[in-house]
Amino acid sequence: MERVGHMQLSLPTLILVSVALLGQLCRTHGNDSFSCSLQDAAGQAAPSLESLAAAQDANDTAAIASSVCQQANATSSSSAPLLEAISAAALSLESESENATTEAMRKLGIHSEEVNEVVSASAELNSKVTAASSLLTTVNSTRATVQSLPSCNATMCSTHASSRVTSRTRRPRIRVAMDDTACDGTDPDQSGCSKCIVPTNLVMTCENDVGRGVNLSVCFDRGVFASRVVRYLTPTSVNETTRVFTSPGVSGSCCVSASAGLYNCECATGYSGSACTQCASGYFGSNCTSCPISNGTVCGGHGTCDDGMAGSGLCTCDTGYAGSSCVAATTCSSLPPSLSQAAILTPSTGTDVGNGGTLHISADSLVIVAGLSSGGDYVGVDVWYRASISASFTHIQYLTYGSSLRMGYRRPVVSGDHQFIAVSDIGLDTPFGDAGAVYTYKWNSDTEQYEFLNQLTSLQTVASTQLGHSGPHITYDGTRIFAAHYTANVPSAGTLSNVGGVSVYNWDGSTQFDEVQYVMPADLVTANMEFGRSKYGLGTCVSADGTWALMSTSVYTSSQGVVVSFKYNGTTYNEVQRISDFDYDSVAHTDGFGRQIACNDDLSIAAISTNPPSMYTYILSRTGDTFTFEQKMDSPAGSTANFGHYAGFVMSPDGYVLLIGDYSYNSNEGCVYMYTKDEGAVSYSYSTTIYTGEVLGEFGKWLAIGSDYSMIATVKYGGVFRVFHFQCV
């Protein structure tokens with residue numbers, strides 16, 4: 001008996017149980033399996049085993065013996081087929097095992113190949129990582145080199161349609177709308193130019209994290225507008241949602257990147273640098289204004305300009321040269337200058353020359369112009385010329401135009417480089433009576449004569465306009481002319497008598513001057529305001545380059561007077577500041593402040609006089625856009641009755657010398673007081689007094705001065721008016 005678990009089973013019973021189990025295995029593995037063969041063999045012995053089991057259960061010894069014999073015989077006769085079945089099943093099992101082994105080996109071979117491929121790919125990847133690391137090192141080295149070089153040439157940029165560029169340096173972010181261009185080249189940040197833009201009227205707005213427009217203060221408060229993209233751009237207008245920027249130094253396109261900002265820009269005239277934020281050589285100030293030019297060169301080729309953004313634009317002249325542009329060699333042996341009478345100029349026709357203050361000298365001291373008169377009629381202008389300041393003046397031309405008897409009645413002017421002359425004719429009756437006009441002339445260097453250009457009129461002209469009433473004004477290079485009105489047809493106000501106002505004319509570069517603006521502050525549009533004009537032509541003063549202008553009305557607020565500063569923005573003159581002597585003097589008085597104005601060539605220094613009988617001179621300096629009072633002066637002789645009266649009130653182009661006449665000195669003999677100032681100073685000191693000794697000569701009533709300190713003056717000489725020339729010795 002076999003013990004299984006806690007139950008005793010007889011051998012026959014155990015065999016029967018096994019047959020049952022083999023049947024289950026046969027059903028599981030199929031009819032051809034080895035378990036099915038065993039089941040068949042065991043099944044054949046089952047009946048005998050059942051009889052044996054019954055005999056054992058009955059404990060019948062004879063039956064058991066008989067059953068065993070029967071089973072032995074049966075076993076003997078059936079063993080051969082059973083063994084054959086077992087052998088066949090074994091062979092089948094061996095075949096299945098070999099097939100399974102072969103399939104396993106095949107799959108193992110495939111797996112081995114895949115493993116080899118992975119190993120190969122891993123090796124290749126490691127090689128690429130090594131190469132990428134090497135390339136990264138090279139890129140970083142190249143980037144460092146590129147960042148030190150001007151790159152992405154903006155000339156390679158070609159303009160295309162407008163687009164939007166977003167700066168994503170931080171949130172909230174700015175969104176920039178600008179004209180942009182495709183750009184070739186190398187950018188400091190990456191290969192290829194990141195963007196090329198035209199930074200003109202660049203519009204910028206502020207966005208929140210989800211791209212919705214918000215108040216600009218959000219971006220301002222969080223510093224977003226410090227973006228390098230706009231660090232060199234100037235804000236021109238601001239409201240709650242939009243800021244507009246311009247780049248005054250840029251004339252074309254710029255490249256832009258996150259780290260470099262604007263670079264490789266195409267600069268406007270006068271500007272330089274990668275972002276056009278510096279002044280080019282020969283230009284100065286915040287607007288990169290040209291240094292004084294003469295003979296086509298900076299400082300006349302005889303000096304050095306204080307250029308650059310922080311520069312003053314003043315020329316330091318070489319030894320032997322003087323003036324704002326160093327064009328005129330000085331004959332002064334020392335400074336302050338000592339002036340001596342050099343010549344007396346007489347008229348080519350008529351009886352008087354220079355009467356009524358009709359005289360002027362070019363800043364280069366090479367040309368003198370003076371009006372001619374006879375019996376109260378003005379008949380034209382005489383011109384004197386010299387090739388150098390060491391030569392004497394020679395009469396070269398008599399200018400006349402039309403049939404008017406008022407040409408040259410008010411001061412004619414010659415440009416600083418003597419290339420242009422402007423002469424007013426306040427009596428011209430076309431198209432209205434006394435409409436007036438300004439005649440222009442241009443120098444012909446081949447013939448050394450002036451040729452007529454054109455006749456200037458004004459859109460504000462009406463009867464009695466008398467254009468150029470107090471004499472025109474002109475810039476150093478002669479390309480801009482200013483002419484005051486007497487009566488004018490003021491826009492939105494109509495015709496007003498003696499209102500004043502100043503018309504501005506620009507040279508077109510070829511054949512003529514065109515009126516571009518009528519300057520007249522809206523709140524001063526009142527009859528008899530006399531804005532921008534004075535009786536003797538000194539109610540306006542203009543810088544040599546035309547950037548700055550001072551214009552006055554001495555009758556403003558019950559003749560208190562006011563001077564208004566204007567700055568040119570490239571198109572028009574805009575008011576900057578109003579100046580009154582009440583800003584300087586604590587005692588209120590009525591004195592006609594602004595009756596005469598004298599200034600140096602860049603209008604950094606100005607002298608302004610008041611009306612008689614208490615005539616004072618105020619000195620102002622300009623820093624940036626602001627004029628500040630520096631000094632109040634009166635006559636060294638103690639009398640102020642005619643100190644600087646009429647047109648005896650002039651300043652040298654470099655601002656070093658200030659001449660103030662007193663024609664009533666010594667019973668109308670007259671004299672001229674000279675004041676000088678140290679380099680860089682903003683106040684003047686009395687230097688000397690100049691006399692002629694002419695009885696009743698009224699010397700000092702009308703004056704003009706050149707850059708070499710040559711002075712010309714109208715003097716009543718033997719009962720007639722003559723022009724005296726004083727030369728520095």
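The rules behind these values
Residues numbered from 1 in each chain as written. Predicted model: local features only at pLDDT ≥ 70, side-chain atom pairs only at ≥ 80, totals over all residues. Heavy atoms only, no water. Helix = DSSP H or I, 4+ residues; strand = E, 2+ residues; numbered from the N terminus. Contact = heavy atoms within 4.5 Å. Areas by Shrake-Rupley, 256 points an atom, 1.4 Å probe, with all protein chains shown as cover. Core = buried A, V, L, I, M, F, W, Y, C linked by side-chain atoms within 4.5 Å. Buried < 20%, exposed > 50% of the residue type's maximum accessible area, 1.4 Å probe, protein only. Pairing = 2+ DSSP bridges. Phe/Tyr/Trp six-rings, centres within 6.5 Å; stacked < 30°, edge-to-face > 60°. Salt bridge = Lys/Arg side-chain N within 4 Å of Asp/Glu carboxyl O. Disulfide = S-S within 2.5 Å. Axes fitted to C-alpha atoms, helices over the stretch in contact; angles between N-to-C directions. Polar contact = N/O pair within 3.5 Å; in protein donor to acceptor, adjacent residues only side chain to side chain.

Draft legend 1. Broad picture of the overall build of the protein chain. Looking only at helices and strands, the protein chain has seven helices and 51 strands in total. Partitioning the intrachain contacts of the protein chain with sequence separation of at least 6 by distance along the chain shows that 52% fall at a separation of at least 24. Taken as a whole, the protein chain presents about 33,000 Å² of accessible surface, with 51% of it coming from carbon and sulfur.

Draft legend 2. A look at the nonpolar core. Core analysis: the biggest nonpolar cluster contains 33 residues, and L658, Y675 and Y684 have the highest contact counts within it. Those residues in contact with L658 that sit more than four places away from it in its chain are A607, I619, M633, V650, M651, Y673, M674, Y675 and Y684. Judged by nonpolar contacts, the second largest core, of 21 residues, contains F482, L496, Y518 and L524.

Draft legend 3. Local environment of the pairing of strand 47 (residues 671–676). Buried residues dominate strand 47, accounting for six of its six residues. With burial as the criterion, each face of strand 47 is covered, one bearing C671, Y673 and Y675 and the other bearing V672, M674 and T676. As paired elements, strand 46 (residues 657–662) and strand 47 share six bridges and run antiparallel to each other. By the bridge assignment, D662 is partnered in strand 47 with C671. When strand 47 meets strand 48 (residues 685–690), the two strands line up antiparallel, connected through five bridges. Following the sheet pairing, M674 is matched in strand 48 by T688.

Draft legend 4. Expanded view of unusual backbone geometry. Here the bond from T430 into P431 is cis, since omega is 0°, no more than 30 degrees from zero. When you line up the elements, P431 lands in the loop between strand 28 (420–425) and strand 29 (437–444). Even without a glycine there, the phi angle at Q466 is positive, about 50°. Secondary-structure assignment places Q466 in the loop between strand 30 (449–456) and strand 31 (473–474). Positive phi is not limited to glycine here, since N498 has a value of about 55°. Tracing the sequence through the fold places N498 in the loop between strand 34 (494–496) and strand 35 (502–507).

Draft legend 5. Quick peek at the packing of aromatic side chains. Scanning all chains against the criterion turns up 28 aromatic pairs. A ring pair is formed by F420 and F513, whose centres lie 5.7 Å apart and whose planes are at 75°; its orientation type is edge-to-face. Residue F420 is located in strand 28, and its partner F513 is located in strand 36 (residues 513–519); the two are separated by 93 residues in the primary sequence. Of the two residues examined, F420 and F513, each falls in the buried class. Here the aromatic rings of Y646 and Y663 are separated by 5.4 Å at their centres, their planes lie at 75°, and the arrangement is edge-to-face. Taken together, the residues span a long stretch of sequence, with Y646 in the loop between strand 44 (626–633) and strand 45 (649–651) and Y663 in the loop between strand 46 and helix 7 (665–668) at a distance of 17 residues.

Draft legend 6. Seen up close, the pattern of salt bridges. The full count for this structure, using the stated rule, is six salt bridges. For D708, the salt bridge goes to R386, with nearest N and O atoms at 3.5 Å. Here D708 is found in the loop between strand 49 (703–705) and strand 50 (711–717), whereas its partner R386 is found in the loop between strand 24 (377–385) and strand 25 (394–399), with 322 residues between them in sequence. The buried category is assigned to D708, whose relative accessible area is 0%. Owing to a relative accessible area of 2%, R386 belongs among the buried residues under this scheme. With a closest N to O distance of 3.3 Å, E698 and K701 form a salt bridge. One exposure class covers both E698 and K701, and it is buried. The network of salt bridges with shared partners includes D523, E575 and R578.

Draft legend 7. Here's a closer look at the state of the cysteines. Within this structure, the stated rule accounts for five disulfides. One disulfide in the model links C267 with C276; its S-S distance is 2.0 Å. Because the sign of the S-S torsion sets the handedness, a value of about -95° for the bond joining C267 and C276 places this disulfide among the left-handed ones. Since its relative accessible area comes to 3%, C276 is described here as buried. Bridging C541 to C599, the disulfide has an S-S length of 2.0 Å. Between C541 and C599, the S-S torsion sits near -85°, and that sign places the bridge as left-handed. Of the two residues, C541 sits in strand 37 (residues 540–542) while C599 sits in strand 41 (residues 597–599), which places them 58 residues apart along the sequence. Each member of the pair, C541 as well as C599, is classed as buried.

Draft legend 8. Here's a closer look at the environment of L658. Within the element layout of this structure, L658 appears in strand 46. C-alpha of L658 to C-alpha of I705: the two residues are 47 residues apart in sequence and 9.3 Å apart in space.

Draft legend 9. Broad picture of the sheet that holds strand 50. Ordered in space as 20-51-50-49, the four strands form an open sheet in which the pairing is antiparallel. Looking at which strands have only one partner, the edges of the open sheet turn out to be strand 20 (339–345) and strand 49. Geometrically, the sheet is characterised by an average inter-axis angle of 30° between neighbouring strands, direction not taken into account. Strand direction decides the pairing type here: strand 49 and strand 50, joined by three bridges, are antiparallel. Of the residues in strand 50, the one forming a bridge with I705 is M711.

Draft legend 10. Quick look at the environment of Y439. Looking at the secondary structure, you find Y439 in strand 29. For Y439 and L456, which are 17 residues apart along the polypeptide, the C-alpha to C-alpha distance reads 6.2 Å. Every residue in contact with Y439, bar those within four places of it in the chain, is listed here: Y401, M407, I421, A422, V423, D425, L428, F452, N454 and Q455.

Draft legend 11. Molecular detail of the side chain of K677. With respect to the helices and strands, the residue K677 is situated in the loop between strand 47 and strand 48. Judged by relative accessible area, which is 11%, K677 ranks as buried. From its side chain, K677 meets the backbone oxygen of A681 in a polar contact 3.2 Å long. Setting aside anything within four residues of it in sequence, one finds K677 in contact with I605, G655, Y656, S683 and Y684.

Draft legend 12. Expanded view of the sheet that holds strand 44. Judged by pairing direction, the sheet is antiparallel, and its four strands sit side by side in the order 41-42-43-44 without closing on themselves. Looking at which strands have only one partner, the edges of the open sheet turn out to be strand 41 and strand 44. Averaged over all pairs of adjacent strands, the angle between their axes in this sheet comes to 25°, without regard to strand direction. When strand 43 (residues 617–623) meets strand 44, the two strands line up antiparallel, connected through seven bridges. Residue pairing across strands places R622 opposite F627, the latter belonging to strand 44.

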